[in-house]
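# Analysis of the macromolecular model
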Amino acid sequence: MKISITDAESLGAGALERLGYAPAEAHTIVDHLLDCELRGLVYSGLARVLSIADRLETRPRGSQRAEVVRDSSVVATIDAHDEVGYLAAPLAAELVREKALAHGLAAVAVRDIWYTGMLSYYAEPLADAGLVVIATSNASPWVAVAGGGERLVGTNPVCIAVPTTDRPIVWDIGTSAITHADTVLAARDGRPLPPGVAFDADGAPTTDPVAALAGALAPWGGHRGSGLAMAVQLLGMHAGSSALPPELSGFGMSIVAMRSDLFADAGHLEREATAFADTVRASRPLDPSSPVRLPFDRSRALRNERRARGSIDVGDAVLDAIRALGP
């Protein structure tokens, strides 16, 4: 169903307020979800309201809010106290921005969060501010490692963002063959998964999303992706998570930011990164109908197109379920 961006924002924020979030909190969460919708990442879009509702039903929100528990000129630790990442991670992004711009580099870790969302949502504005960003987050063990069928690592996204003279270059991936969010959405929609992305509880390949959620998702990229997932799992522990965080709880996220003139003259990185980006986009494609792109080019173009159009397409089942959360 086509819905205006304004109506989608009102619908999502209203549902989150009914779940107990303050109006400002609800709009903070929805802004993130709508950015995903605009970029074509529907599995992390408005459907996530339903997943938040499911999680709060099994584990209600506590009274404590995210707070800085360690702080220095260039480092901080945030204890989120079981807060959803959409609310705790922006605090980390703002802290790392202030510290890195003032001192050249900074690192902020967040512990005890869940649903960090798309790391690029936090990294892109930091790169716009002239910072090189490396962000990671571990998660509940929903994913097997290469050669195994047991859940041992999270979907474990990693993001790197670099400023240019124009728009940042942003690389943001999950390290599983399919995201947990997309698997949950497939189960809601009653559609099968692609072959080769998941195992059932017995370790047999499956395209049934319900069986996959009871089993394990496959790692992305074979041993390379599996190794990257394990590295992010370890970085999550460094941020304060346990080795195997509980279901939708206790994730560890970190953001490292460096001013673009930290190692070279001011403007050098931006100029060279821009020249590199231009060269990549102008390079000869294997398929003349498919120009060579940089990471984030496609989703940025989609976002611009949908903002200009003023609307997004959301599945009827998702919209009906959000409306059904109650008046």
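Report on the accompanying structure. Every chain begins its residue count from 1, and numbering advances along the sequence as written. Restriction of local features to residues with pLDDT of at least 70 applies here, the model being predicted, together with a cutoff of 80 or more for giving and counting side-chain atom pairs; totals for whole chains, interfaces and linings are based on all residues. Heavy atoms from the whole structure form the basis of all side-chain values; hydrogens and water molecules are not counted.

## Notes on unusual backbone geometry
The criterion, for reference: Each helix corresponds to a stretch of at least 4 residues labelled H or I by DSSP, and each strand to a stretch of at least 2 residues labelled E; elements are numbered beginning at the N terminus. With a 1.4 Å probe rolled over the protein chains alone, any residue whose accessible area is under 20% of its type maximum counts as buried; one over 50% counts as exposed, and the rest are partly exposed.
One non-glycine residue, N156, lies in positive phi territory at about 45°. By secondary structure assignment, the location of N156 is in the loop between strand 5 (131-137) and strand 6 (158-162). Accessibility expressed as a relative area gives 0% for N156, which makes it buried. In this model, L248 sits at a positive phi of 50°, which is unusual for a non-glycine residue. Along the polypeptide, L248 turns up in the loop between helix 8 (222-239) and strand 10 (251-259).

## Here's the deal with the environment of K2
Heads up, the condition is: Note on definitions: a residue-residue contact is assigned when non-hydrogen atoms from the two residues lie within 4.5 Å. Within 3.5 Å is the distance limit for a polar contact, defined as a pair of N or O atoms, with the added protein rule that one can donate a hydrogen and the other accept it, and that residues adjacent in sequence qualify only through two side-chain atoms.
Mapped onto the elements of the fold, K2 is located in strand 1 (residues 2-4). Its relative accessible area of 52% is what places K2 among the exposed residues. A C-alpha to C-alpha distance of 9.3 Å links K2 and D316, two positions 314 residues apart in sequence. Dropping the residues within four chain positions of it, K2 is found in contact with R309, S311, I312 and D313. Only 3.1 Å separates the side chain of K2 from the side chain of D313, close enough to count as a polar contact.

## A look at the state of the cysteines
We apply this condition: When two cysteine sulfur atoms are found within 2.5 Å, that pair is recorded as a disulfide.
Within this structure, the stated rule accounts for 0 disulfides. Counting only cysteine sulfurs, C159 is the nearest neighbor of C36, a cysteine outside any disulfide, at a range of 12 Å. Residue C36 is classed as buried on the basis of its relative accessible area, which comes to 1%. For C159, a relative accessible area of 0% puts it in the buried group.

## Focus on helix 5 (residues 119-128)
Taken across its 10 residues, helix 5 has 8 buried, putting it largely inside the fold. Regarding helix 5, the residues found buried are L119, S120, Y121, Y122, A123, E124, L126 and A127. Just downstream of helix 5, G130 is the residue with a positive phi angle, here 95°.

## Some words on the pattern of salt bridges
Side-chain pairing between opposite charges can occur once the charged atoms of the two side chains come close. To keep it simple, the criterion reads: In the sections that follow, a salt bridge refers to a side-chain nitrogen of Lys or Arg positioned within 4 Å of a carboxyl oxygen of Asp or Glu.
With the rule as written, the count across this model stands at 20 salt bridges. When the shortest N-O distance is used, the salt bridge between D35 and R39 registers 3.0 Å. Grouping residues by exposure puts D35 and R39 together as buried. A salt bridge links R323 to D320; its shortest N-O distance comes to 3.7 Å. Here R323 pairs with D320, and both are found in helix 11 (residues 316-323), just 3 residues apart, close to one helical turn. Assessed through its relative accessible area of 47%, D320 is described here as partly exposed.

## Things to note about the sheet that holds strand 4 (residues 105-114)
Hydrogen bonding along the main chain pairs the strands of a sheet, whether they run parallel or antiparallel. Rule in force here: By the convention used here, strands pair only if DSSP detects at least 2 bridges between them. Angles here are taken between N-to-C directions and fall from 0 to 180 degrees, while the axes themselves are lines fitted to C-alpha atoms, restricted in helices to the stretch in contact.
Strand order in the open sheet made by the 7 strands is 2-3-4-10-5-6-7, with mixed pairing throughout. Edge positions in the sheet fall to strand 2 (67-71) and strand 7 (169-173), since each of these pairs with one other strand and no more. Averaged over all pairs of adjacent strands, the angle between their axes in this sheet comes to 15°, without regard to strand direction.

Purely spatial values, then, with no claim about function.
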